[in-house]
Amino acid sequence: NLKRTKKAKTKTTEDIFLTDLKRNITRKLGTKTKITSNYIQISYNGVDDLNRILEILNLLEEST
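Notes on the structure in this doc start here. Here the structure is a predicted model, which is why all the values come from computation and not from measurement.

Cut-offs used in this document
- Residues numbered from 1 in each chain as written.
- Predicted model: local features only at pLDDT ≥ 70, side-chain atom pairs only at ≥ 80, totals over all residues.
- Heavy atoms only, no water.
- Salt bridge = Lys/Arg side-chain N within 4 Å of Asp/Glu carboxyl O.
- Helix = DSSP H or I, 4+ residues; strand = E, 2+ residues; numbered from the N terminus.
- Buried < 20%, exposed > 50% of the residue type's maximum accessible area, 1.4 Å probe, protein only.
- Polar contact = N/O pair within 3.5 Å; in protein donor to acceptor, adjacent residues only side chain to side chain.
- Contact = heavy atoms within 4.5 Å.

**Some remarks on the pattern of salt bridges**
In this structure the tally under the stated criterion is two salt bridges. Linking Asp20 and Arg23 is a salt bridge whose minimum nitrogen-to-oxygen distance equals 2.2 Å. One end of the pair, Asp20, and the other, Arg23, are both in helix α1 (residues 2–29), three residues apart, so they sit about a helical turn from each other. Residue classification places Arg23 among the partly exposed positions, given a relative accessible area of 43%. Across the pair Asp49 and Arg52 runs a salt bridge, and its minimum N-O distance is 2.8 Å. Placement of both Asp49 and Arg52 in helix α2 (residues 46–56) is noted, with a separation of three residues, approximately one turn of the helix. The class of Asp49 is buried, set by a relative accessible area of 15%.

The following block contains the structure:
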């Protein structure tokens, strides 16, 4: 019983962190996101939207 309670407490803390992280990333990127303890998934609609997200993340390289 004690192990189950401790595990539930850890899961709840992790869920709160991931929920807050998802909200912040979604707000920053202006697009739908999905976050688990193992990955972050960012949705985009077309090349222009992808470039917009990459620019926000400072990952878009300028061509010379």
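**What about the side chain of Asp49?**
Within polar-contact distance, the side chain of Asp49 engages the side chain of Arg52 at 2.8 Å. Contact partners of Asp49, with chain neighbours within four places excluded, come to Thr31, Ser43 and Tyr44.

**What about the environment of Asn51?**
You can see Asn51 is positioned in helix α2. Note on Asn51: relative accessible area 28%, which makes it partly exposed. Taking the C-alpha atoms as reference points, Asn51 and Glu61, ten residues apart in sequence, are found 9.8 Å from one another.

**Quick look at the environment of Thr33**
Note that Thr33 resides in strand β1 (residues 33–35). Judged by relative accessible area, which is 3%, Thr33 ranks as buried. In the structure, Thr33 is positioned ten residues away from Arg23 in sequence and 8.6 Å away in space, judged by C-alpha atoms. Dropping the residues within four chain positions of it, Thr33 is found in contact with Lys22, Ile25, Thr26, Gln41 and Ile42. Within the structure, Thr33 has its side chain in polar contact with the side chain of Thr26 (distance 2.6 Å).

Purely geometric numbers; function is a separate question.
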